[in-house]
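# Examination of the molecular architecture
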Amino acid sequence: MILHKIVLENFRQFKGKQEIVFATELPNITIIYGENGRGKTGLFRALMFGLFDDRRLPQDDDINTKDINLVNTQALEESEGLPVIASVTIVLSANGEKYEVERKLKAVKRNNQIAEQPYGVSLTITDAQGNTKPPINDPVEIGEYIGKVFDPKIKDYFLFDGEKIERLTRADSAQKRTVAQGIKNLLNINDLEIARRSMEIMRTSLNNQVGTRSQGNLPKVLRAIEDNAMAIERNSHERATVRENLDNAQLQKKKLDIELDKIDAIKTVLEKRHECMGQETDIQEAQERRISVLGEKISLTAQTLLKKQFQYVYSVLDNKKDAGEIPVQDKLELIKKIIDENRCICGSCVKKGTPEYEAILSWRAKIDASGLSDEALNVWRDLSTLIQIMPNTIEDVRRHLTDYESDKKKLNEIHEKLKQLSENINEGAEESARKFNQLRESCLEDIGKYKNNLTGLEAEAQRLSSEKDDLQKKKERVIQEEGVKSELVAAANLASDTFNALDEIYQSFTEDMKKQIGDQASKIMHHLLDKEGRYSLKRIVVKDDYSLQVNDHRDEPFLANISAGQRQIISLCFITALAQVANGTDRFEIPLFMDTPFGRLSFEHRNNLIRFVPQICQQWITMVTDTELTEKEWDVYQTSTCKCMFYKLNSHKDGTTEISCIPIENVTQAIM
Amino acid sequence: MPNFNTRIEEKLRNYPTSVQDIARRAIESARKLDAAKLATMLEVKVKSTARKEVKK
């Protein structure tokens, strides 16, 4: 989508008819320059009103909608009680078609009260061949047309107030929801979620229908399948919640550690504590490795319980082997050969009916009756190996268990020492340190609790998954046994298979997208940050709950410590990456309309932004104040290869604003 | 969004044709309908596809 023009008539500060023609040639930038109060946000409001009929902006926060007047108050004063018509006309193009939308308001001022009401809307579409269709006047139909070229659900991500954008990087749950919603909207994840859920509903409904056709166990099995699916879903939510709580507690602990590090009085004690914690981590890791080794040896360990029985069977087989009773295969083959050829290996004749022949037959019967075939030899071989390695296994397990026990004691000592150190901090330090330390202890307790919960939930997830497989097999068996109508069963199976497919696609798609957005945002961040930021911040990560995290050069979470300017840059990186990933292209096709983007940024950040943003978006429209655009920034604009349109918002004597288009060669003079 | 369609299409190709058809239809209609209505709408399609599969 490309914005070509906006025409305002008696809208907010803009009296009479005024217009802005946007730069469209790639790469481009349209700068709207004005001091505070000149109507930059009014233009932003006009865009939102014209396109989406929005009367409120995200930054209006607590302002009552009826207190937001869109019609120019000076025009109302001059009309002496007569109605004034305000309008916003926007010309844009998308997919080869040109759209002109005009939205009007009628207002009247009586007894110092302004009453505004909608006064019609129209949309004219001209196709790629230049044919103009009859205007559309139905607001709902117009909304649908505009929604197709610019989804209203994602508008806040591309038309935004630069100073408010940094909110995307805040860690509170409302912001997490905002970020998650943005990602889901832009990447169509919502559609995937609905499709998946619909298959879940259908699977239940078809299973119920199958169940009603059965008199036997099938309804019970189907109910168990449904219960299992619900338990899996519940478990997945619970794991996500516990993971989030764990992350938050770890982040909180990190913050408290930073605060405690700042307090000189407890530095020595803290150093000791850090040392102890290092030892604690090393031992815990060694213990985990040991548990994993013991897990691998568990089957061998269990076999040692049968050591005596194994030795007995081995000695029996060994004796039989020594007595030549095993292996029997060779002997049987030899006997067969003697009988078939009627000749012994010594060369003498063994005819049927002779005592020799009878002796051979009785030998064969004896071997058959022993019941020992070649498998006995295999058992003998296996037992032989097992008996050899058994002492080593027992020794290994004993050693690991002794080490485990000894490290457990060491861990207890370390825990005791840590407790003591913590008490020392509480006793010896000033009030703030004591408070931080107590909060830290409580965080540690929570972390332990969440880790335990997570281990339990993960084990439960594994159990549920294997139960799911078992139930599926059971269902197939029962259906076959009960001979339930096959077409209905096939439909239920198809719904179930489609649900599983959509579920897998959903999981892998969201994982791919989070990774791709994180990687792309990190790449952009390195273009936009200043030298110091590039060193201290390594990458942006989109977490499981879609919240944003920024990792420092050690790849540890650092979001809590970054400046407001850096937050703004990171939010911008995120939005840009999101749009690029959604489009699958390096340049995203939605105009980036930014109100006061540079307020909190250093010159180096501004410089990077001016050079980089036009390269990645179709259109950049930026509204800047006199403090954001000085000669220094203008020099950067001029050295870039952008096609630039420059507008200045001038204040009029009556308090209204006049838009003037400034030729590029006169901009330096205009901003001085 | 172009990337969504391409990627989902890539992933769908790993499943049997009947599953692909139903899943594609569900995703396409998800923008206009809620999950319950979508399930009702697609049940006829699922049953007819299953019937054809059984008769094969």
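Residues numbered from 1 in each chain as written. Chains lettered and ligands numbered in written order. Predicted model: local features only at pLDDT ≥ 70, side-chain atom pairs only at ≥ 80, totals over all residues.

## What about the nonpolar core?
Nonpolar side chains tend to gather and get buried jointly when the protein is soluble and globular. Residues and elements named next belong to chain A. Our working rule: As used throughout, a nonpolar core is a set of buried Ala, Val, Leu, Ile, Met, Phe, Trp, Tyr and Cys residues joined through C-beta atoms within 7 Å of each other. Three classes are used. A residue is buried when 20 or more other C-beta atoms lie within 10 Å of its own, exposed when 12 or fewer do, and partly exposed in between, with C-beta atoms placed from the backbone. Segments assigned H or I by DSSP are reported as helices when at least four residues long, segments assigned E as strands when at least two residues long, and all are numbered from the N terminus. Domain extents, as shown, originate in an automatic or database domain assignment. Working definition of a contact: two residues with C-beta atoms, positioned from the backbone, lying within 7 Å.
Counting 134 residues, the largest nonpolar core has Leu 47, Met 525, Cys 573, Phe 574 and Leu 578 as the members making the most contacts within it. At 18 residues, the largest contribution of residues to this core is made by helix 15 (residues 486–528). When residues of this core are assigned to domains, at least three map to each of domain 1 (2–150 + 590–671) and domain 2 (173–189 + 510–571). Those residues in contact with Met 525 that sit more than four places away from it in its chain are Leu 537, Ile 540, Ile 569, Ile 570 and Cys 573.

## Quick word on the pairing of strand 9 (residues 548–552) of chain A
Residue and element names in this part refer to chain A. For clarity, the threshold we go by: DSSP calls a pair of strands paired once it identifies at least 2 bridges connecting them.
The pairing of strand 8 (residues 537–542) with strand 9 spans five bridges and is antiparallel. The residue of strand 9 that forms the bridge with Arg 539 is Asn 551. The turn linking strand 8 back onto strand 9 is made up of five residues, and Tyr 546 within it adopts a positive phi angle of 75°.

## Overview of the interface of chain B and chain A
Defined as follows: When residues are grouped by polarity, Ala, Val, Leu, Ile, Met, Phe, Trp, Tyr, Cys and Pro land in nonpolar, Asp, Glu, Lys and Arg in charged, and all others, Gly among them, in polar.
Across the contact, 32 residues belong to chain B and 31 residues belong to chain A. Counting residues per element, the ones that place at least two in the side of chain B that touches chain A are helix 1 (2–12), helix 2 (17–29) and helix 3 (35–55) of chain B. Counting residues per element, the side of chain B that touches chain A draws most heavily on helix 3 of chain B, which supplies 13 residues. Classifying every residue of the side of chain B that touches chain A by side-chain character gives 20 nonpolar, four polar and eight charged.

## As for the confidence of the model for chain B
For clarity, the threshold we go by: Confidence of the predictor at the level of single residues is given by pLDDT, which spans 0 to 100.
Taken residue by residue, chain B gives an average pLDDT of 88. The fraction at 70 or more is 95%. The lowest-confidence element of chain B is helix 1 of chain B, averaging 81 in pLDDT; the highest-confidence one is helix 2 of chain B, averaging 94.

## Topic: the pairing of strand 2 (residues 14–21) of chain A
Residue and element names in this part refer to chain A. Taken together, the six bridges between strand 1 (residues 2–11) and strand 2 define a ladder with antiparallel strand orientation. By the bridge assignment, Leu 8 is partnered in strand 2 with Gln 18. Counted between consecutive antiparallel strands, the loop separating strand 1 from strand 2 contains two residues, among which Arg 12 sits at a positive phi close to 50°.

## Some words on the sheet that holds strand 1 of chain A
Residues and elements named next belong to chain A. Worth spelling out the cut-off: Only the stretch in contact is used when a helix axis is fitted, and all axes are lines through C-alpha atoms; the angle between N-to-C directions ranges over 0 to 180 degrees.
Judged by pairing direction, the sheet is antiparallel, and its five strands sit side by side in the order 2-1-4-5-6 without closing on themselves. Edge positions in the open sheet fall to strand 2 and strand 6 (113–126), since each of these has one partner strand only. Averaged over all neighbouring strand pairs, the angle between strand axes comes to 10°, with direction disregarded. As paired elements, strand 5 (residues 97–110) and strand 6 share 12 bridges and run antiparallel to each other. What sits directly across from Tyr 99, in strand 6, is Ile 125. Sitting on the sheet, helix 1 (residues 40–52) is in contact with strand 1, strand 2, strand 4 (84–94) and strand 5, with an inclination near 75° to strand 4. Sitting on the sheet, helix 3 (residues 139–149) is in contact with strand 4, strand 5 and strand 6, with an inclination near 60° to strand 6.

## Section: helix 1 of chain A
All names here are of chain A. Heads up, the rule is: Here the expected length of a helix is defined as 1.5 Å per residue gap, with one fewer gap than residues.
For helix 1, spanning 13 residues, the distance from its first C-alpha to its last is 18 Å, which sits close to the expected 18 Å at 1.5 Å a residue. Of all 13 residues that make up helix 1, 11 are buried, and the element is covered over most of its length. The complete set of buried residues in helix 1 reads Lys 40, Gly 42, Leu 43, Phe 44, Arg 45, Ala 46, Leu 47, Met 48, Phe 49, Gly 50 and Leu 51. After helix 1 finishes, the residue Asp 53 shows a positive phi value of roughly 60°.

## Overview of the packing of helix 6 (residues 189–212) of chain A against helix 7 (residues 218–261) of chain A
Residues and elements named next belong to chain A. For clarity, the cut-off: In this scheme, roughly parallel covers angles under 35 degrees and roughly antiparallel covers those over 145, while 65 to 115 is roughly perpendicular and the rest are oblique. Throughout, a crossing is termed right-handed when the near helix is turned clockwise from the far one, and left-handed when it is turned anticlockwise from it by less than a right angle.
With their axes 9 Å apart at the nearest point, helix 6 and helix 7 run at an angle of 165° to one another. The angle between helix 6 and helix 7 falls in the class roughly antiparallel. Two packed elements cross with a definite hand, and for helix 6 against helix 7 that hand is left-handed. Of the residues in helix 7, those touching helix 6 at Thr 204, Asn 207, Val 210 and Gly 211 are Leu 218, Pro 219, Leu 222, Ile 225 and Glu 226.

## Here's the deal with the packing of helix 2 of chain B against helix 3 of chain B
All names here are of chain B. Contact geometry of helix 2 with helix 3 gives a least axis separation of 11 Å together with a crossing angle of 165°. Here helix 2 lies roughly antiparallel to helix 3, going by the angle between them. The two elements helix 2 and helix 3 meet at a crossing, and its hand is right-handed. Where helix 2 approaches helix 3, its residues Ser 18, Asp 21, Ile 22, Arg 25, Ala 26 and Ser 29 are matched on the opposing element by Leu 38, Met 41, Leu 42, Lys 45, Val 46, Thr 49 and Glu 53. Here the residues of the contact of helix 2 with helix 3 are counted per class, giving six nonpolar, three polar and four charged.

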